[in-house]
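# Report on the structure
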Amino acid sequence: MKRNFLPFKDIITGVEIFRLVSPIFYVTLLLQLAMSSYGQLPVLSDTSSIAGICLMFLFFATLARFFRFKAVAIGRGQVLLEFVVANLIITVLTLQRTVPALPWPWLVAMAALFPLVVEGWLAVAPLTALALIGCGLSLAIGMPLGDWLPSLFQILFIGMLSILLSRVLLINVSAIRHARTNSARFEAIVHVTQHVFLMTDDHYTPMFISPAIQDMLGYTVDEITQAHVQPKVHPDDLKEHQEKLRFLAQTPNSSIFICHRMQHKNGTWLWLETRGYNMMHDPAIHGLVFGTKDVTLRRTAELKLEQERALLHAVLDHNPAMIYAKDTDGRFTISNVGFQRRFGFSSEDEVRGKTVYEVLLNRVLEGQEAKAHEVAEKSTSRTPL
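Conventions adopted
- Residues numbered from 1 in each chain as written.
- Predicted model: local features only at pLDDT ≥ 70, side-chain atom pairs only at ≥ 80, totals over all residues.
- Heavy atoms only, no water.
- Helix = DSSP H or I, 4+ residues; strand = E, 2+ residues; numbered from the N terminus.
- Buried < 20%, exposed > 50% of the residue type's maximum accessible area, 1.4 Å probe, protein only.
- Polar contact = N/O pair within 3.5 Å; in protein donor to acceptor, adjacent residues only side chain to side chain.
- Contact = heavy atoms within 4.5 Å.
- Pairing = 2+ DSSP bridges.
- Axes fitted to C-alpha atoms, helices over the stretch in contact; angles between N-to-C directions.
- Core = buried A, V, L, I, M, F, W, Y, C linked by side-chain atoms within 4.5 Å.
- Expected span 1.5 Å × (residues − 1).
- Left-handed = near helix turned anticlockwise from the far one by under 90°.
- Nonpolar A, V, L, I, M, F, W, Y, C, P; charged D, E, K, R; others polar.

With that settled, consider the side chain of Ser 254. Residue position: Ser 254 is located in the loop between helix H9 (235-250) and strand S3 (255-263). The class of Ser 254 is buried, set by a relative accessible area of 9%. From its side chain, Ser 254 meets the backbone oxygen of Leu 248 in a polar contact 3.4 Å long. Aside from chain neighbours lying at most four places away, what touches Ser 254 is Phe 247, Leu 248, Gly 276, Tyr 277 and Asn 278.

The next subject is the pairing of strand S2 (residues 206-209). Bridging between strand S1 (residues 196-200) and S2 involves three bridges; their strand directions are antiparallel. Note on S2: the bridge partner recorded for Leu 198 is Ile 209. Counting the residues in the hairpin turn of S1 and S2 gives five residues, including Tyr 204, whose phi is positive at 70°.

Reading across from one edge, S2-S1-S5-S4-S3 is the order of the five strands in this open sheet, with antiparallel pairing throughout. Either end of the sheet is taken by a strand with one partner, and the two such strands are S2 and S3. Adjacent strand axes in the sheet meet at a mean angle of 25°, parallel and antiparallel pairs treated alike. Packed on one face of the sheet, helix H10 (residues 296-317) meets strand S4 (269-279) and strand S5 (287-294) and runs near 120° to S4.

What follows is about the nonpolar core. Of all hydrophobic cores here, the largest spans 35 residues; its most connected members are Tyr 26, Leu 55, Met 110, Phe 114, Leu 130 and Ile 155. Within the residue set of this core, elements represented by two or more residues are helix H1 (14-37), helix H2 (46-66), helix H3 (76-95), helix H4 (104-113), helix H5 (124-140) and helix H6 (145-192). Sorting elements by how many residues they give to this core places H4 first, with seven residues. Every residue in contact with Tyr 26, bar those within four places of it in the chain, is listed here: Leu 55, Leu 58, Phe 59, Thr 62, Glu 82, Ala 86 and Phe 114. Ranked by size, the runner-up nonpolar core spans twelve residues in total, among them Val 196, Ile 213, Ile 224 and Met 262.

Once that is clear, we can look at H2. Taking 1.5 Å as the rise per residue, H2 with 21 residues should run 30 Å; its terminal C-alpha atoms sit 30 Å apart, in good agreement. Taken as a whole, H2 has its buried residues at Ser 48, Ala 51, Gly 52, Leu 55, Leu 58, Phe 59, Thr 62, Ala 64, Arg 65 and Phe 66. Note on H2: the residue one or two positions beyond its end, Arg 68, has a positive phi of about 60°.

Moving on, we get to the packing of H2 against H3. Contact pair H2 / H3: the axes reach a minimum separation of 9 Å and the direction vectors enclose 145°. Like other packed secondary-structure pairs, H2 and H3 cross with a definite hand, here left-handed. For the pair H2 and H3, the contacting residues are Thr 47, Ser 48, Ala 51, Cys 54, Leu 55, Leu 58, Thr 62 and Arg 65 in the first and Gln 78, Glu 82, Val 85, Ala 86, Ile 89, Val 92 and Leu 93 in the second. Class assignment of the residues belonging to the contact of H2 with H3 gives a composition of nine nonpolar, four polar and two charged.

As for its position among the elements, Ser 335 is in strand S7 (residues 332-335). For Ser 335, a relative accessible area of 1% translates into the label buried. If we skip the residues at most four places from it in the chain, Ser 335 touches His 313, Ile 323, Tyr 324, Gln 340, Glu 348 and Val 351.

This is the structure:
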């Protein structure tokens, strides 16, 4: 079974650093104890022997934790117990004069190590305890003040750095988890929407393409990003398309809207609407962002409606009678050439939206507006105009 010894590809926390470094701390202490006790085993006190056995137990326990055996976890109670046992071992070995270099180097190491796994400013408590233990042991073994006072400052300084590091790591963990949550939500939205989202650099090289591109144009993301396939823009739309893209790339904070045709992988032409945004100023994006949707069905219906409307007008305009239509508010919506000429208009656009009174005003002489109003009321109440 594969073990994760150095999880540098994952989120780094104070707990992970503690898990990795604590076995090194205990094995180093064991090595010094073994070197200092070499040749003294017959006279080694029972108390020192018990302390050595406890130190070996701590080493194997942290080694098991290093390999992340499921039976071994890092909880607050376990950390506090380990802290107390480690201090007792150092205290015993110091008072027994088993290891001459104790206690300060190891207390400084503990000041750097244990605050990493104690949450918040509660880590000040073990840091204070280490400083007091160091002072007490130094006085007990008769060390001069000048020899151990710098080490006391080291404990306080390194311990505070460890507390701040732990706090920074917690903030980073929170930020990374928040970013991963946002990324997961974005991926979910991208996969369920039918719109295509595209992000490029200022040279239009794709940095991100949503999978919907395959449903829209038939090309996979790999074909576009790795095989460098570029879907073809219709020749009639190419010039405008290139001009707008050039404007977008060269103008900070700009946006564009393009309605153009693009060729599907099977050779058919699709009508697409694309909105682009220049977000080079945003360090989180630093690129051009595009959103594209397929409007082929709508565009086809609009073109068909335009053709039918043109055919209807052609039929109406060739009819010599006056033909028109009004909406429920009495305003003209459709009129043929015969109607327009009869009332002095040159196009349907001039008639559209006008009332009967407004149409009649176009034919009456100045000062006869009241007559036009009278005729309009009669025509709307009895006979259609």
